Amino acid sequence: EEVSLLAQERRKALEEIGRDAKAYWCTLPAEWRTDKEFILHALKESPRLPPKSDFERQFPQSLRFDKEVVLAFCNRPDFEQLFHKRHLFVPGCLAGDKDVMMAYCRRIPRSLQECSEELCNDPEVVQAAISLGGLELQYASLRLQEDPHIVQQACHSHGRALEYCPPGPTRDALVSDRNFMKDVVLAKPGGGPMWKLAAPSLQQDTELLLQALKHGLNLRDVPDALAHDV
């Protein structure tokens, strides 16, 4: 009977936490406030969380760096705001965990920079980061910075991503592709300066030059011989 009563109290407390963890958290017994089930329930169900001082700062280290707990933070709709307000940086011990780092890379800029070397060389992780912003390409491995598919995906997000593709066959092919330069790289805000990487024959193309000037290329970077055409 005693066990049954405790189970009922626990179930009721979980329901309250699911409705509003911020309002009810401090009413819980101390041992329940460091209980993984209560913590996960608050993270997954409650629209509001208790203050950091009453919540994650009280977690034992084993839960602060627990994969399920970290992912529960990452999967909240308000994770971006929580990340900045509560300084939810990637735990170093999880920088090599693909699930955790994919969750961060999809939502927090520059998370790829925090990934292990192995994950920076993982196409799936890098593509998740690039889906958030093309400039994330700068944190990818050299191998993936030279991958044509990944570079094109990055440039579709931000034209300036092209500068993070190192000199070599991939860049040579892309900067010689008129349609790609005109419709992707130079058509994106901030992509205009990438005109300077275009193949010499494309730099003679007035249409490409005008496109670049619209999107950030400075007129003083245009050779005098071409400047009179614009």
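What counts as what
All residue numbers here refer to positions counted from 1 along the written sequence of the relevant chain. In keeping with the model being predicted, local features are shown solely for residues with a pLDDT of at least 70 and side-chain atom pairs are shown and tallied solely at 80 or more, while totals for entire chains, interfaces and linings include all residues. Only heavy atoms go into the side-chain values, all of them from the structure, while hydrogens and water stay out. Secondary structure follows DSSP: runs of H or I at least 4 residues long count as helices, runs of E at least 2 residues long count as strands, and numbering of each begins at the N terminus. Each radius of gyration is computed over the set of C-alpha atoms, and the globule rule expresses the reference value as 2.2 Å times the number of residues to the power 0.38. Only heavy atoms enter the contact rule, under which two residues are in contact if any of them lie within 4.5 Å. To be clear on the numbers: accessible area is Shrake-Rupley with a 1.4 Å probe, and residue cover counts the displayed protein chains and nothing else. Asp and Glu are treated as the negative residues and Lys and Arg as the positive ones, with His and the ends of the chain left uncounted. Working definition for charges: the position is that of NZ of Lys, CZ of Arg, CG of Asp or CD of Glu. Paired rings are identified among Phe, Tyr and Trp, the last through its six-membered ring, by centres lying within 6.5 Å, and are further divided according to the angle between planes into stacked (under 30 degrees), edge-to-face (over 60) and tilted (the rest). Relative accessible area decides the class of each residue, using a 1.4 Å probe on protein chains only: under 20% of the type maximum gives buried, over 50% gives exposed, and in between gives partly exposed. Residues adjacent in sequence count toward polar contacts only when both atoms are side-chain atoms; beyond that, a polar contact is any pair of N or O atoms within 3.5 Å, and within protein one must be able to donate a hydrogen and the other to accept it. The term salt bridge refers to a pairing of a side-chain nitrogen on Lys or Arg with a carboxyl oxygen on Asp or Glu at a separation within 4 Å. Geometry is summarised by axes, namely lines fitted to C-alpha atoms with helices restricted to the contacting stretch, and by angles between N-to-C directions that run from 0 to 180 degrees. Here the word oblique covers every angle except those under 35 degrees (roughly parallel), over 145 (roughly antiparallel) and from 65 to 115 (roughly perpendicular).

Novice: Got a sec to walk through the overall build of the protein chain? Specific residues and values, please.
Specialist: A count of helical and extended segments in the protein chain gives 15 helices and zero strands. Rg of the C-alpha trace for the protein chain: 25 Å, well past the compact-globule value of 17 Å for 230 residues, more than 25% over. Once the C-alpha set of the protein chain is aligned to its principal axes, its extents read approximately 90 × 30 × 25 Å. Counting only contacts in the protein chain whose residues sit at least 6 apart along the sequence, the fraction spanning at least 24 positions is 49%. Of the roughly 12200 Å² of accessible surface on the protein chain, a fraction of 50% belongs to carbon and sulfur atoms. Computed over 29 positive and 35 negative side-chain charges, the inter-centroid distance for the protein chain is 5 Å.

Novice: Describe the packing of aromatic side chains, listing the residues and the values that go with them.
Specialist: Here the structure, examined in full by the defined rule, presents eight aromatic pairs. Between phenylalanine 55 and phenylalanine 59 the ring centres are 4.9 Å apart and the planes differ by 70°, which places this aromatic pair in the edge-to-face class. Its relative accessible area of 3% is what places phenylalanine 59 among the buried residues. Ring centres of phenylalanine 79 and tyrosine 104 lie 5.4 Å apart, and the angle between their planes is 85°; on these two criteria the pair is classed as edge-to-face. Separated by 25 residues along the polypeptide, phenylalanine 79 in helix α5 (residues 79-86) and tyrosine 104 in helix α6 (residues 98-107) bring together distant segments of the chain. The burial state of phenylalanine 79 is the same as that of tyrosine 104; both residues are buried. By way of ring pairs, the aromatic residues Trp25, Phe55, Phe59 and Phe73 are connected into one cluster.

Novice: Could you give an account of the side chain of arginine 76, with specific residues and numbers?
Specialist: Residue placement: arginine 76 occurs in the loop between α4 (67-74) and α5. Of note is the side chain of arginine 76, whose polar atom sits 2.8 Å from the backbone oxygen of serine 46. Not counting residues up to four positions away in its chain, the partners in contact with arginine 76 are Ala42, Leu43, Ser46, Pro47, Arg48, Leu49, Leu82 and Arg107.

Novice: I'd like a description of the side chain of serine 46, backed by residues and values.
Specialist: The topology assignment puts serine 46 in the loop between α2 (36-45) and α3 (61-64). You can call serine 46 buried: its relative accessible area is 3%. A polar contact of 2.5 Å, which involves the side chain of serine 46, links it to the backbone oxygen of arginine 48. When neighbours within four sequence positions are excluded, serine 46 is seen to be in contact with Ile17, Gly18, Arg19, Asp20, Ala21, Lys22, His41 and Arg76.

Novice: I'd like a rundown of the pattern of salt bridges, residues and numbers included.
Specialist: When the charged atoms of two side chains lie near each other, side chains of opposite charge can form a pair. Counting across every chain of the model gives 17 salt bridges. In this structure, aspartate 78 engages arginine 76 in a salt bridge whose closest nitrogen and oxygen atoms are separated by 2.9 Å. For glutamate 163, the salt bridge is made with arginine 160, and the minimal N-O distance between the two is 2.5 Å. Using a relative accessible area of 28% as the deciding quantity, one classes arginine 160 as partly exposed.

Novice: Residues and numbers for the packing of helix α10 (residues 148-157) against helix α12 (residues 178-185), please.
Specialist: Between α10 and α12, the least distance of the axes is 9 Å, while the angle of their chain directions is 40°. Looking at the two axes, α10 sits oblique to α12. In contact with Gln152, Cys155 and His156 of α10, α12 contributes Phe180, Val184 and Val185.

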